[in-house]
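# Overview (structure and organization)
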Amino acid sequence: MPSLPDPILWAIPGFILLVIAEMIYGRMTGKTRFEPRDTAGSLIMGLGNTVSGVLLGGIVVAWFVFVEQFALFDISWAWYWFVIAFVLDDFVYYWSHRWAHTVRWWWADHVVHHSSQHYNLSTALRQPWLNPLTLKFIFLGSWLVLIGFPPAMIAFVAAFNLIYQFWIHTEAIKRLPGPVEWLMNTPSHHRVHHATNPRYLDRNYGGVFIIWDRMFGTFEPETDEEEIRYGIVRNLGTHNPLTICLHEWWGILKDVRSARSPREVLGYWLGPPGWSPDGSRDTSAMLKARWLEEQGDGAASRSDKHPPIAAE
């Protein structure tokens, strides 16, 4: 098995230089916005993610090595298998990302990335610290290993997937040529994903390719009709890294402790973010439905193409 480098470690210096360049560009043009404490919080979360990857990444590696012995095929290291693995990994990423918005246990980890009320390249580095402990890799990442793709190959292409997603976290680039916007995830599409506007909730989960969202009914184009509001439905109001990292986990713990039945425990744990037994809290599906009702039949008919799914 060939030894493959970690592309993300090689890319980190470039990430930092591009963040600095965007800061300078924003100061000169006003087309991007930075807030020092928010940016510092994002960089600290990125650093913590790198450290946790070293400390906890062995959990994922050990599982994939275990699963590899049950692989259906023995896929070679030919270059075209890297291409196929890259596309399939992005397909798996789409569903993994979608689950991260629709299952509270996984949202508790992913919410870290959405917690900034600003949208710039530093936001791309705002990553969680406890991802392996959610065990999501068991349910989704295992499939490519079971098919027969070597774990090292999957890790390699997955790293390029994440590197690609770095540059789409910006307001400096508005829209790209039509064919690119149709096929690829772009800054315009990903701004929609980070928005808290009801029309945009639970949309555009793709990593590299936006085609998955078009196929599975979760695509929403960016509109010039209203300004995008970034962050989460209930913003934190703090830049404390520990709060950013742990606030939703703590929320789950408090809710589970107050549960009065196994059904409520499962709802608070595996239901959509915002779920409550009596419906007193808002899920994103409820927020979207309320917004559509306020907009009238015209908005409702437009949204029929993209039925809402619960999360956020």
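Details of the structure are given in the entry above.
Considering all chains together, one arrives at 15 salt bridges under this definition. Of the charged contacts, one joins R33 and E227 as a salt bridge, the two residues approaching to 3.6 Å between their closest N and O atoms. Separated by 194 residues along the polypeptide, R33 in the loop between α1 (7-29) and α2 (36-68) and E227 in the loop between α11 (211-216) and α12 (241-258) bring together distant segments of the chain. Notably, a salt bridge pairs D224 with R175, separated by 3.5 Å at the nearest N-O pair. Placement of the pair is D224 in the loop between α11 and α12 and R175 in the loop between α8 (151-166) and α9 (178-183), with a sequence separation of 49 residues. Look at R175 and you get partly exposed, because its relative accessible area is 42%. Residues joined by salt bridges that share partners form a network here, namely R104, E248, D255 and R281.

For the structure shown, the criterion picks out 24 aromatic pairs. Directly above the aromatic system of F219 lies the positively charged group of R214, at a separation of 4.0 Å from the ring centroid.

Checked against the element boundaries, H114 lands in helix α4 (residues 104-114). The exposure class assigned to H114 is buried, which follows from its relative accessible area of 0%. Here the side chain of H114 touches H101 through a polar contact of 3.3 Å, side chain to side chain. Within the structure, the side chain of H114 is placed 3.1 Å from the side chain of H110, a separation counted as a polar contact.

Calculation notes
- Residues numbered from 1 in each chain as written.
- Predicted model: local features only at pLDDT ≥ 70, side-chain atom pairs only at ≥ 80, totals over all residues.
- Heavy atoms only, no water.
- Salt bridge = Lys/Arg side-chain N within 4 Å of Asp/Glu carboxyl O.
- Helix = DSSP H or I, 4+ residues; strand = E, 2+ residues; numbered from the N terminus.
- Buried < 20%, exposed > 50% of the residue type's maximum accessible area, 1.4 Å probe, protein only.
- Phe/Tyr/Trp six-rings, centres within 6.5 Å; stacked < 30°, edge-to-face > 60°.
- Lys NZ or Arg CZ within 6 Å of the ring centre and 35° of its normal.
- Polar contact = N/O pair within 3.5 Å; in protein donor to acceptor, adjacent residues only side chain to side chain.

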